[in-house]
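Structural characterization, general
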Amino acid sequence: MTTPAAGMALAARRRARVRVEGTVQGVGFRPYVYRLAGELGLDGFVLNDAQGVLIEIEGRPEPVAEFTARLAAEAPPLERVERVAASACEPTGAAGFTIRESPRDGIPDAPVTPDSATCADCLGELLDPADRRFRYPFTNCTNCGPRFTIVRGVPYDRPFTTMAGFRMCERCQAEYDDPGDRRFHAQPNACPQCGPSVSLLDGDGILVALGGARDAIAALALSLRAGKIAALKGIGGFHLACRADDEDAVALLRSRKHREDKPFAVMPPDLETARELVSLDGAAERLVLGPERPIVLAPRVAGAPVAEAVAPGSPELGVMLPYSPLHHLLLADAATTLVMTSGNVSDEPIAYGDEDARARLAGIADLFLLHDRPIQTRTDDSVVRVVSGRPTFLRRSRGYVPASIPLPGGTGRPVLGCGAELKSTFCLAKGERAWVGHHIGDLKNYETLRSFQEGVAHFERLFAVAPSVVAHDLHPEYLSTKYAAEREGVELVGVQHHHAHLAACLAEHGCAGPALGAIFDGTGYGEDGTVWGGELLIGDLGSFRRVGMLLPVRLPGGERAIRQPWRMACAWLVAAGAGSGAGSGAGSGAGSGVGSGGGSGADPGADPGAGPPLPRALEGRVDERAWEQVSQLARTGVASPLTTSMGRLFDAVAALCGLRPEVSYEGQAAIELEAACEDDGGREAPYALALLESDGMLVLDPRPAIERIVADIDAGVSVGSVAARFHAAVATATVTACARAASEHGVDQVVLSGGVFQNRRLLTATAAGLQAAGLRVLMPERLPCNDGGIAYGQVAVAAWRMAHATT
């Protein structure tokens, strides 16, 4: 029976139920709450559940109010509190504060934390000979370590991770149970006595004798210093590594990996070494040091001590600092910068299982550094660069996924966005949250498709999303579109490729539109069945209208023109009227089908006339007979669909400059054209790039520029000058067209997106010009401007259409 005194004491107490949502599991949030409650002398409990964290707090009114005020402001470094909701409840008088076991029921709705780089405290222990975790490559705590790549389900507790098979020893269990320890409830907690271990094998799977080295990592470092190539199992999959300053080793890695030219990332041991390789401004340095540890693309320092084969023809290097204890130990032991590239053969997903890696990488790696902690989800390294002081993604994956992105207006029904074909990602959404998946790669083969399917299924389980609506690209041959069509019992929503780019950028900025979108990329299926890629769109999240485009030309040989930019050079010369066949092909006149993007070109049976002569810059590099055959395709339209692709225009100019007649990876020609640009301080005027109007459509016409470029190259003008003037021409014409279209259609904001805007020079010049014209410029910031953001855009469009559907 409650005494009067006890009743009075209870009446003086306050109890609050606090619901915390966001990234609050696996980041030390519960022990933080425990310590805060103890500091304020409060009673109650905290637990993880399927929605996030639930707290009941009780005590005198002032400390209870202080607790709720400080809760989000002083939370741990890896948390991201999205919502705190407190409500009063009846005091119980129970004494003490406890961390309760997570309930096993409920629908998961708690964000899973991305993997995080080793924190300073764990790094100190790793390198301290007196510490029991000295040189232990799986050291972690609540402030760092693997999360997404080991989690199998929620709540985020050890039985739902790949650490479930490792039973903590007494000392680790004591840390785990001690609220005052930073490893309190750290789910991957382990030590050399009870946790995962590493082993070093040769190419035949035989354990390597350490030969005097103190452990497998030290032995591997010695082999790498001697010029060997190794596959090492990291956080989200395998890396292939070799010395970055060893020309022979890097060239051998290229040969074995079948990666002819695409740059490799490098991993220096520390920031000081990184500064010897690349020029880092404040924003780039913060990225390099951040807990996400992406690959950061930055300007190469003159004389940087890396092999030329690391990044041939590129003025940038991709650097990332060690982000796991294993990497820290290896780089410290090797005492040199290492190439650290994805563990795969070109065009395949990275290997993440031991047997898979040994099978697929056996012809590449001399040695294998393995460990026995399973990886649940293969996850590539993220790639970021700084443009105008802001980080921009080229690839969003490890360190950032699966953090949710808000979905403006939310969605009443769960939605899956299947993305496109290149830079494949997927996106799941329910309520006001969208989860964009990790980078999968290009959906061109069974392995990448299976990785895509596995990723979707894992996210569906992890976030308890059962999509009833599936959004997809309009291209009927994309594997992602075919996957969508095979889903049973769902409503399908087709979203045009460039509209998805526009919608993704609008949605991440919390904007419904309308806006003008300048969407420039390589390939996208147009509503008229042609290949789009240089588009001006007026639209919002639900719909769009095409109001401008690049002049359509032929894509001779279809996809072969993507791999062989000289074909696009030929097509643009035909369009510009070079040779006696001028005017016979589509796009050779300003009004030739440009209003619709269509037009079938000349009659294939007609005499096509003579084609353009082989440009001097391509002599000896392109077979003259092949050139004539391709020019005939461009003039007749046979096997040559129409395209408005801005990406293919950059390819054409790169070929006309003699830089890259053929490519070995997507975007190579445009990347090298940007790299070739000289800084002339604006002394050279941009090339003329005309702005025409046809059937109410603005048409960017680069034919005058194409003619001038060929003449300048033939006259010996430097490629650097030509490249810079071409970039300036595209930027200037884009600004002029956007300003005119925005005025005509009554909008004041412009979206710049699509893979072509990965070009730093083009993006900065275009954005600056638009801002000077008084327009608000929106660019992707939380997602890539390339096809890695398409899935989120598809979801945003589908959600908007559902919300605004008429009954």
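To keep things clear, this report deals only with the structure shown in the data block. (Residues numbered from 1 in each chain as written. Predicted model: local features only at pLDDT ≥ 70, side-chain atom pairs only at ≥ 80, totals over all residues. Heavy atoms only, no water.)

**Focus on the overall build of the chain**
Regarding its fold elements, the chain presents 23 helices and 28 strands. In terms of C-alpha radius of gyration, the chain reaches 29 Å, essentially the compact-globule figure of 28 Å for 807 residues. Based on the C-alpha atoms only, the size of the chain along its principal axes is roughly 105 × 75 × 50 Å. Considering only contacts in the chain between residues 6 or more positions apart, those separated by 24 or more positions represent 73%. Carbon and sulfur atoms make up 51% of the accessible area of the chain, which totals about 29,400 Å². Here the chain contributes 77 positively and 96 negatively charged side chains, and the mean placements of these two sets differ by 3 Å. (Helix = DSSP H or I, 4+ residues; strand = E, 2+ residues; numbered from the N terminus. Rg over C-alpha atoms; globule rule 2.2 N^0.38 Å. Contact = heavy atoms within 4.5 Å. Areas by Shrake-Rupley, 256 points an atom, 1.4 Å probe, with all protein chains shown as cover. Lys, Arg positive; Asp, Glu negative; His and termini not counted. Charge placed at Lys NZ, Arg CZ, Asp CG, Glu CD.)

**Notes on the packing of aromatic side chains**
Applying the stated criterion across every chain, the model contains 15 aromatic pairs. Between W435 and F463, the ring centres sit 4.4 Å apart and the planes meet at 10 degrees, which makes this aromatic pair stacked. Residue W435 is found in strand β17 (residues 427–436), and its partner F463 is found in the loop between α12 (446–462) and β18 (469–473); the two are separated by 28 residues along the sequence. Relative to F726, the ring of F650 lies with its centre 4.9 Å away and its plane at 70 degrees, an arrangement referred to as edge-to-face. Of this pair, F650 sits in helix α18 (residues 646–656) while F726 is found in helix α21 (residues 719–745), placing the two residues 76 residues apart along the sequence. (Phe/Tyr/Trp six-rings, centres within 6.5 Å; stacked < 30°, edge-to-face > 60°.)

**Considerations on α18**
Of all 11 residues that make up α18, 11 are buried, and the element is covered over most of its length. Inspection of α18 places M646, G647, R648, L649, F650, D651, A652, V653, A654, A655 and L656 among the buried residues, and these make up the whole buried set. Directly after α18, the chain includes G658, whose backbone phi takes a positive value near 80 degrees. (Buried < 20%, exposed > 50% of the residue type's maximum accessible area, 1.4 Å probe, protein only.)

**Re the sheet that holds strand β13 (residues 367–371)**
Read across the open sheet, the 10 strands follow the order β6-β13-β7-β8-β12-β9-β11-β10-β14-β15; overall the sheet is mixed. At either margin of the open sheet sits one strand with a lone partner, and together these are β6 (198–202) and β15 (390–395). Within this sheet the neighbouring strands show an average axis-to-axis angle of 35 degrees, counted without direction. The pairing of strand β8 (residues 238–243) with strand β12 (residues 338–342) spans five bridges and is classified as antiparallel. Bridge pairing in β12 links H239 to S342. Strand contacts of helix α9 (residues 282–289): β10 (295–299), β11 (316–319), β14 (383–387) and β15, with the helix running at about 160 degrees to β14, the strand carrying the most contacts. (Pairing = 2+ DSSP bridges. Axes fitted to C-alpha atoms, helices over the stretch in contact; angles between N-to-C directions.)

**Structural notes on the environment of E666**
Mapped onto the fold, E666 is located in the loop between α18 and α19 (668–676). Setting aside chain neighbours within four positions, we find E666 in contact with L422 and K423. At 2.6 Å, the side chain of E666 and the side chain of K423 are in polar contact. (Polar contact = N/O pair within 3.5 Å; in protein donor to acceptor, adjacent residues only side chain to side chain.)

**Brief notes about the sheet that holds strand β2 (residues 43–49)**
Pairing is mixed in the open sheet, where five strands are placed in the order β4-β1-β3-β2-β5. Only two strands of the sheet have a single neighbouring strand rather than two, namely β4 (80–89) and β5 (97–99). The mean angle between the axes of side-by-side strands here comes to 15 degrees, regardless of whether they run parallel or antiparallel. With seven bridges joining them, strand β1 (residues 14–23) and strand β3 (residues 52–59) adopt antiparallel strand pairing. Along β3, the bridge assignment pairs R15 with E58. Against the sheet, helix α2 (residues 29–39) engages β1, β2, β3, β4 and β5, with an angle of about 175 degrees to β5. Here helix α3 (residues 61–70) sits on the sheet in contact with β1 and β3, set at roughly 160 degrees to β3.

**Let's talk about the pattern of salt bridges**
In this structure the tally under the stated criterion is 49 salt bridges. Residue E285 is joined to R275 by a salt bridge in which the shortest nitrogen-to-oxygen separation is 3.0 Å. In this pair, E285 sits in helix α9 while R275 sits in helix α8 (residues 271–277), placing the two residues 10 residues apart along the sequence. In the salt-bridge network here, residues are joined through shared partners; they are R13, R15, R17, D43, E56 and E58. (Salt bridge = Lys/Arg side-chain N within 4 Å of Asp/Glu carboxyl O.)

**Quick notes on unusual backbone geometry**
Between V401 and P402 the backbone carries a cis peptide bond, its omega angle lying at 15 degrees. With respect to the element layout, P402 can be found in the loop between β15 and β16 (405–417). Backbone torsion omega between G513 and P514 reads 10 degrees, so that peptide bond is classified as cis. Tracing the sequence through the fold places P514 in the loop between α14 (497–508) and β20 (515–525). Phi at A639 takes a positive value of approximately 50 degrees, unusual for a residue other than glycine.

**With respect to a negative patch on the surface**
Together, E619, D623, E624 and D714 give the surface a local cluster of negative charge. Counting through the fold element by element, E619 comes out in the loop between α16 (565–575) and α17 (624–636). (Patch = residues over 30% accessible without salt bridge, like charges linked within 9 Å, V, L, I, M, F, W, Y side chains within 5 Å.)

**Considerations on the environment of R395**
Mapped onto the fold, R395 is located in strand β15. Once the C-alpha coordinates of R395 and G789 are considered, the two residues, 394 residues apart in sequence, prove to be 9.5 Å apart. Those residues within four positions of R395 in sequence are excluded, and the remaining contacts are I295, S342, D380, D381, S382, V383, H439 and P784. In terms of polar contacts, R395 uses its side chain to reach the backbone carbonyl oxygen of D381, at 2.8 Å.

**Brief notes about the nonpolar core**
Counting residues in hydrophobic clusters, the biggest one holds 81 residues, and the most contacted among them are L516, W572, M646, F726 and L752. When residues in this core are grouped by element, the largest group, 13 residues, is from α21. Residues contacting M646, with those up to four places away along its chain left out, are F520, D521, G533, G534, L550, L700, V730 and V756. Counting 45 residues, the second-largest nonpolar core is a separate cluster that includes L287, V310, A351 and F393. (Core = buried A, V, L, I, M, F, W, Y, C linked by side-chain atoms within 4.5 Å.)

**Topic: the environment of A362**
Among the structural elements, A362 can be located in the loop between α11 (354–360) and β13. If sequence neighbours within four positions are ignored, A362 has contacts with A357 and F368.

**A word on α21**
Along its 27 residues, α21 runs 39 Å from first to last C-alpha, staying within 8% of the 39 Å computed at 1.5 Å per residue. G746 sits one or two positions beyond α21 and adopts a positive phi of about 70 degrees. (Expected span 1.5 Å × (residues − 1).)

**Notes on the packing of α18 against helix α20 (residues 703–714)**
Here α18 crosses α20 at 20 degrees, and the two axes come no closer than 10 Å. Viewed along their axes, α18 and α20 adopt a mutual orientation that is roughly parallel. Two packed elements cross with a definite hand, and for α18 against α20 that hand is right-handed. Together, L649, V653 and L656 of α18 and I706, I709, V710 and I713 of α20 make up the contact between the two elements. Class assignment for the residues of the contact of α18 with α20 results in seven nonpolar, no polar and no charged. (Parallel < 35°, antiparallel > 145°, perpendicular 65-115°, else oblique. Left-handed = near helix turned anticlockwise from the far one by under 90°. Nonpolar A, V, L, I, M, F, W, Y, C, P; charged D, E, K, R; others polar.)

**Some words on the packing of α18 against α21**
One way to put it is that α18 packs onto α21 with a least axis distance of 11 Å and a crossing angle of 160 degrees. One element, α18, and the other, α21, form an angle in the roughly antiparallel class. For α18 against α21, the interelement crossing comes out right-handed. On the side of α18, the interface is formed by M646, L649, F650 and V653, while α21 contributes F726, H727 and V730. Here the residues of the contact of α18 with α21 sort into six nonpolar, one polar and no charged.

**Points about the pairing of β12**
Burial within β12 is extensive, with five of its five residues counted as buried. Pairing of strand β9 (residues 265–267) with β12 involves two bridges; the strand directions are antiparallel. Bridge pairing in β12 places M267 opposite L338.

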